[in-house]
Amino acid sequence: MAIRQDKVGEMLDKSILKELQTIVGKKHVLTEPEDLVAYSYDGTFAERRPDLVVRPDSTGQVSQVMGVAWREEIPVIPRGMASGLAAASVPLIGGIVLDTCRMNRILEIDERNFTVTTQAGVITQHLADTVSKKGLFYPPDPSSIKQSTLGGNAACNAGGPRCLKYGVTSDYVRGLTVVLADGRILNTGGKAIKNVTGYNLTQLFVGSEGTLGVITELILKLIPLPRVARTAKAVFPKLADASRCVNDILCGGITPATIELMDETAIATIEEAMHLGLPLDVEAILIIEADGMDRESVVREIETIAGICRTTGARDVEVASTEEERARLWSARRAISPSLARRAPNKLGEDISVPRSAIPEAIAAIKEISRQHDIPIAIFGHAGDGNLHPNILFDKRDPVQVGKMKRAAADIFQVSVRLGGTLSGDHGVGSLKLPFVEQDIGPISIDVMSGIKQALDPKNILNPGKVVPGPQGVGGASILG
Amino acid sequence: MDDEQKSAWDGFEGPSQEDVNYCIRCGLCLSVCPTYQESLRETESPRGRVALVAKAIEGELDLTRNFKDHMYRCLACLACNDICPVGITPANLCLEARHAIHQAKPTPLLKPLLFQGLFPRTGLLELVTKPVALYDRTGLRRAANAVRVTKALPSQLRDMERMLPHRLPLRGTRHQLPDVVLAKGERRAHVAYFLGCVQGVMMADGCRATVEVLAENGCDVVIPTQVKCCGMPMVGYGFKDEARKMARHNIDLLLGLNVDAIVTDCATCGSSLKEYPHWLASDSEYAGRAQQFAAKVRDISEFLVEIGIRAPQGKVDSRVTYHDPCHLCRAQGIREQPREMLRAAGVELVEMEGADACCGSAGTQLITHYHTSVGVLERKMDHVAAAEAEMIASGCPGCQMQLGLGVKRRGLKARVVHPSQILAQAYRNGKMDDENQ
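Scoring rules and cut-offs
Going along each chain's sequence as written, the residues are numbered from 1 onward. To read the labels, note that chains go from A and ligands from 1, taken in the order they are written. Totals for whole chains, interfaces and linings use all residues, but because this is a predicted model, local features are given only for residues with pLDDT of at least 70 and pairs of side-chain atoms are given and counted only at 80 or more. Strands here are runs of E lasting at least two residues and helices are runs of H or I lasting at least four, both read from the DSSP assignment and numbered beginning at the N terminus. Comment: burial labels come from other C-beta atoms within 10 Å of the residue's own C-beta, placed from the backbone, where a count of 20 or more is buried, 12 or fewer is exposed, and between is partly exposed. The contact rule is simple: place each C-beta atom from the backbone, and if two of them lie within 7 Å, those residues are in contact. Radius of gyration means the value over C-alpha atoms here, while the globule rule gives 2.2 Å times the residue count to the 0.38 power. Segmentation of the chain into domains, including their bounds, is taken from an automatic or database domain assignment. Amino acids are sorted into nonpolar (Ala, Val, Leu, Ile, Met, Phe, Trp, Tyr, Cys and Pro), charged (Asp, Glu, Lys and Arg) and polar (every other residue, Gly among them). Here, a strand pair is defined by DSSP locating no fewer than two bridges between the strands. To define axes, lines are fitted to C-alpha atoms, for helices over the stretch in contact only, and angles between the resulting N-to-C directions are given on a 0 to 180 degree scale. Each angle receives one of four descriptions, namely roughly parallel if under 35 degrees, roughly antiparallel if over 145, roughly perpendicular if within 65 to 115, and oblique otherwise. We call a crossing left-handed when the near helix sits turned anticlockwise from the far one by less than a right angle, and right-handed when that turn is clockwise. Arc, as used here, means the arc of the directions from the helix axis to the C-beta atoms. Per-residue confidence from the prediction method is given by pLDDT, with values spanning 0 to 100. Under the convention used throughout, the expected extent of a helix is 1.5 Å for every residue step, that is, one less than its residue count. The term bend refers to the angle at a residue between two fitted axes, each drawn through seven residues, those ending there and those starting there.

Enquirer: Any details on the overall build of chain B? Residues and values, ideally.
Expert: Along the backbone of chain B there are 24 helices and 9 strands. Taken across its 437 residues, chain B has 53% of its residues classed as buried. Considering only residue pairs separated by 6 or more positions, chain B has 79% of its internal contacts joining residues 24 or more positions apart.

Enquirer: How would you explain the overall build of chain A if you had to name every residue and give the values?
Expert: What chain A contains, in helices and strands, is 15 helices and 18 strands. In summary, chain A has a C-alpha radius of gyration of 22 Å against a globular reference of 23 Å for 481 residues, a match within 12%. Considering chain A as a whole, with its 481 residues, one finds that 55% of them fall into the buried category.

Enquirer: Which residues make up the domain arrangement of chain A, and what are the values?
Expert: Residues and elements named next belong to chain A. When its domains are assigned, chain A resolves into domain 1 (106-224), domain 2 (226-339) and domain 3 (344-432). For domain 2 versus domain 3, the separation of C-alpha centres amounts to 22 Å. Each partner contributes residues to the interface: domain 2 has 19 residues there, and domain 3 has 15 residues. Looking at the side of domain 2 that touches domain 3, the elements that each hand over two or more residues are α9 (239-251), β13 (258-263), α10 (264-274) and α12 (323-339). Class assignment of the residues belonging to the side of domain 2 that touches domain 3 gives a composition of 11 nonpolar, 6 polar and 2 charged.

Enquirer: Would you mind going over unusual backbone geometry in detail, with residue names and values included?
Expert: Residues and elements named next belong to chain B. Despite not being glycine, Leu-40 shows a phi value in the positive range, around 55°. Checked against the element boundaries, Leu-40 lands in the loop between α2 (34-39) and α3 (46-57). Positive phi values are uncommon outside glycine, yet Ala-76 reaches one of about 55°. If you trace the backbone, Ala-76 turns up in the loop between α4 (65-73) and α5 (79-83).

Enquirer: Could you give an account of the domain arrangement of chain B, naming the residues involved and the relevant values?
Expert: Residues and elements named next belong to chain B. When the domains of chain B are assigned, the result is domain 1 (12-104), domain 2 (111-163), domain 3 (173-306) and domain 4 (311-436). Facing 5 residues of domain 2, the contacting portion of domain 4 comprises 8 residues. Within the side of domain 2 that touches domain 4, the residues separate by chemical class into 2 nonpolar, 1 polar and 2 charged.

Enquirer: Before we move on, can you summarise the environment of Ala8(B) with the specific residues and values?
Expert: All names here are of chain B. Looking at the secondary structure, you find Ala-8 in the segment before α1 (17-20). Since 23 C-beta atoms lie within 10 Å of it, Ala-8 is described here as buried. In this structure, the C-alpha to C-alpha distance between Ala-8 and Gly-314, residues 306 residues apart in sequence, is 60 Å. For Ala-8, the residues in contact, after removing those within four places along its chain, are Ala-56, Gly-59, Leu-61, Asp-62, Leu-63 and Ala-104.

Enquirer: Go over the pairing of strand β5 (residues 106-110) of chain A with me, naming the residues and quoting the values.
Expert: Residues and elements named next belong to chain A. Where β5 and strand β6 (residues 115-119) come together, 4 bridges link them in antiparallel fashion. Residue pairing in the sheet places Asp-110 in a bridge with Thr-115 of β6. Hairpin connection, β5 to β6: the antiparallel pair is bridged by 4 residues, and Phe-114 has positive phi, about 55°.

Enquirer: Hey, could you go over the sheet that holds strand β3 (residues 219-222) of chain B for me, with residue numbers and the actual values?
Expert: All names here are of chain B. A sheet is described by the order of its strands in space; here 5 strands give the open sequence β1-β3-β2-β4-β5, paired in mixed fashion. A single partner strand is all that each edge strand has here, and the edge strands are β1 (180-181) and β5 (297-299). Relative to strand β4 (residues 261-264), strand β2 (residues 189-194) runs parallel, the two sharing 4 bridges. Within β4, the residue paired with Val-191 across the bridge is Ala-261. Sitting on the sheet, helix α16 (residues 267-279) is in contact with β2, β4 and β5, with an inclination near 155° to β5. Strands β2, β4 and β5 of the sheet are contacted by helix α18 (residues 300-307), whose axis makes an angle of about 95° with β5.

Enquirer: Please provide a residue-by-residue account of the interface of chain A and chain B, values included.
Expert: Between chain A and chain B, the residue contacts involve 28 residues of the former and 23 residues of the latter. Elements represented by at least two residues in the side of chain A that touches chain B include exactly α3 (33-38) and α12 of chain A. Among the elements that take part in the side of chain A that touches chain B, α3(A) stands out by supplying 5 residues, more than any other. Considered class by class, the residues forming the side of chain A that touches chain B number 13 nonpolar, 7 polar and 8 charged.

Enquirer: Could you give me a rundown of the packing of α4(B) against helix α6 (residues 90-104) of chain B, with the residues and numbers involved?
Expert: Residue and element names in this part refer to chain B. For the pair α4 and α6, interaxial distance at closest approach is 8 Å and the crossing angle is 140°. Here α4 lies oblique to α6, going by the angle between them. When the axes of α4 and α6 are compared, the crossing they make is left-handed. In this structure, α4 uses Lys-68, Met-71 and Tyr-72 to contact α6, whose residues at the interface are Cys-94, Ala-97, Arg-98 and Ile-101. Its residues assigned to classes, the contact of α4 with α6 shows 5 nonpolar, no polar and 2 charged.

Enquirer: Help me get a handle on the environment of Leu186(A), residues and values and all.
Expert: Residues and elements named next belong to chain A. Tracing the backbone through its elements, the reader meets Leu-186 in strand β9 (residues 185-189). Judged by local crowding, Leu-186 falls into the partly exposed class, with 15 C-beta atoms found within 10 Å. Residues Leu-186 and Ile-215, spaced 29 residues apart in sequence, show a C-alpha to C-alpha distance of 9.5 Å. Setting aside anything within four residues of it in sequence, one finds Leu-186 in contact with Val-178, Leu-180 and Gly-213.

Enquirer: Got a sec to walk through the sheet that holds strand β17 (residues 377-382) of chain A? Specific residues and values, please.
Expert: Residue and element names in this part refer to chain A. As summarised here, the arrangement of the 7 strands in space is β15-β12-β14-β13-β17-β18-β16, forming an open sheet in which the pairing is antiparallel. Of all the strands in the sheet, the pair left with one neighbour each is β15 (316-319) and β16 (346-349). Here the average twist between neighbouring strands, direction ignored, is 15°. For β13 and β17, the ladder comprises 2 bridges, and the chain directions are antiparallel. In the strand pairing of β17, Met-262 is matched with Phe-380. Across the face of the sheet, α10 comes into contact with β13, β14 (284-292) and β17 while running at roughly 90° to β13. Running over the sheet, helix α14 (residues 399-418) touches β16, β17 and β18 (387-394) and is turned about 165° from β18.

Enquirer: Explain helix α5 (residues 124-132) of chain A to me, and be specific about the residues and the numbers.
Expert: Residues and elements named next belong to chain A. For α5, the full list of buried residues reads Thr-124, Leu-127, Ala-128 and Val-131. Across the axial projection of α5, the buried residues extend over an arc of 100°, all falling on one side. Among the structural elements, β5, β6, β7 (136-137) and α6 (150-155) are those in contact with the buried residues of α5.

Enquirer: Any chance you could break down the confidence of the model for chain B for me, citing the residues and the numbers?
Expert: Residues and elements named next belong to chain B. Looking at chain B as a whole, the pLDDT averages 88, with 86% of positions reaching at least 70. Per-element confidence in chain B ranges from a low mean pLDDT of 64 for helix α8 (residues 122-137) to a high of 98 for β5. The complex model carries a pTM of 0.89, and its ipTM stands at 0.92.

Enquirer: Explain the pairing of β2(B) to me, and be specific about the residues and the numbers.
Expert: With 4 bridges connecting them, β2(B) and β3(B) associate as parallel partners. Across the sheet, Ala192(B) pairs through a bridge with Val222(B), a residue of β3(B).

Enquirer: Account for helix α15 (residues 434-456) of chain A, naming residues and giving values.
Expert: All names here are of chain A. Under the 1.5 Å per step criterion, the end-to-end length of α15 is only 20 Å for 23 residues, more than 12% shorter than the ideal 33 Å. Its maximal kink placed at Gly-442, α15 deviates by approximately 110°, while the proline Pro-443 follows within four residues. For α15, the set of buried residues is Leu-434, Phe-436, Val-437, Lys-453 and Leu-456. The secondary structure elements touched by the buried residues of α15 are α14.

Enquirer: Before we move on, can you summarise the packing of α16(B) against helix α17 (residues 287-296) of chain B with the specific residues and values?
Expert: Residues and elements named next belong to chain B. Running from N to C, α16 and α17 cross one another at 155°; their axes reach a closest spacing of 8 Å. With respect to α17, the element α16 is oriented roughly antiparallel. Every pair of crossing elements has a handedness; the one defined by α16 and α17 is left-handed. Contacts between α16 and α17 involve Leu-273, Lys-274, Tyr-276 and Pro-277 on the former and, on the latter, Ala-287, Ala-290, Gln-291, Phe-293 and Ala-294. Considered class by class, the residues forming the contact of α16 with α17 number 7 nonpolar, 1 polar and 1 charged.

Spelled out as structure tokens, the structure:
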């Protein structure tokens, strides 16, 4: 299932271009070098210009575009707002970037069935804000909530702080409209809560990173909007105590909405960027949020949590008293990842996921890797669910640092697998983690995945070279390999 | 380095690798960028523009017409500068890239005529606006609208016609204002009023109100008519050296007056005047003086709040909403002070959603990038209309003209004014009450 590489360079063939222009409108096919540069990257350091960019605004248009790509065997790389952290939407072998951002209409909010039907290009924050005005709640909250689309979130099965209590994107996807490689339109799932008719195709496409089909519409589950939230910040001189605290809270039968951890490097960076008055002489800070319908129980819960923090070694515990303070804590948390750039021009943001109980060991091992390879690694992440974000800081112009970064990344992956965890908790494989996938999930999984890919995309035109490690030359697009 | 890898503005002043290197492409800036929201196109986003600048520096993009156009599409609302967690300033990069392009690829004719010929000469500028005043005053405008000639214009021209202010003075404001206005009551400060070009030419009522408000607050006001353009239009169009000339002239003139403060009622002028130290950082003769100068510059609202607003005897009984000019809220961090002026005037202040979102004016975008400008304006007007105010206050002539157009497009009744006008009215109302008693 090799790609017709020869087709890539040729694809500016006038008649094909014209055909695409007829489908989406002339101004929505971009070929100028400036546009190709702008569509050459995502939230990683990977980049490669596509041959052209197509910006459809309906499922029908996507279907027609795929029809042309199928006939001509041209690679198509689906893309939302390109905030991904695995180079999944970077056109590493060129081809057509299929931009879904113009499909930005919320089609229906069903207040009786608690669902929302939306096009794929709607920005997640916009959807969450819109449904919240009706007292409904769409919980998944990736850090990129303001600059990522629901299609992208579903394609990468995005997580976020709140998934400790509420689950990840896939837990909210009830139905999809997907355009297949050959242009056929597949509707799967629906508004019904229970649905076991046939294979669960809906969930097959969630997390497939655009390699199996283009998600164009989604039916998402909503829940009642919690009315009260309280957020606490706990400062721990010792990181091990913070990990113990997380376990004590959860084992005590409490499920806060979020438990977020930042280590000393992350704290120092965020303080430098935002001047929040965070202490610089501690090893860890936890940000914990409790939410619910009723004020009394939420306040009781956050106070119990604060008590556990104190007994497990927190030096200082503060519960945000105003909405403003709470918002500031969260904007600090969201800004950690981008703020790291103040330390080094490039970063490799990993997202290993380990069983909760293994967090202290994982953190200790990563710190050791940082020392061994002599390269800074900041650690933060969703401590409550074991999903950590070790960020390796480097300068891609310096080959020595790049070498260290690659070795450190490989070591971190191994730690995760050794501790019973996995490579990726919420960023996805993209092309970044390709070389490590087999080690994590084994050859049989790879074989099954290849079979699925072959069945749905026999010409290998959909985001080729991503997610499924393939023979060299096809899947060899990784930037870490 | 071989030829291929030379920066597109090699040898000229322009953005450097250091300015773009640390962009991690998180895309957070897309969530606040008005041109992105309008186009949903990465190339019209701050992250996209930073990538373009980076590739020009790396020598991978040429300074084509397209490239240039992308740099000029930025509205310079500065929202991206504010939100970038890394500290990149995409809006500034666009301005600097324009300067670099102007040096590396100078354009003939129109732009030099405007920015080297016209704008530096305020007298000429006033001459140009005279036909506009005549069009309005002679009744030609009313006639044109009555017989619906304007309806036949393409939408862009029609909107430009609608944007023109009413009751323009035939003589420029600078010839009408006295050279000096003396303080009323106890004298608290001696200030110079910086008469901005657009403000002076198009917004005569606003200028008079600002001077009046200063006097009411115990300021001796000197109004030097030889001031030149603050330099922002030149910077906006890449003529940084011309802007520096303006800066030197204004510094010489205004520092020589030995005033306590240099007060402006134009958000854009204020932000430029405060930037003189950056513009002249490598000018050994002027760097220090630029700092002394900038330290004295105040927006009218900023200045009044600093010295304490004298409570007017009267009040303005209106429902007012306030639009934050980009050059005031983000460029100068001034958000509360204009609102305090309005509260002092006794109005009912209603906040609109997204009060600090750009209106799409950005000086000349209605002319250069009509569809984007109007799209951004319409988004703004949704919030303006929802506030159901009788007056829309904003301390920037560009915003005022753009919002005025928005009001007409929507058929709203609201008047667009400078906060000074509302406060001045409160002082006047107090006097009328006195006289009536």
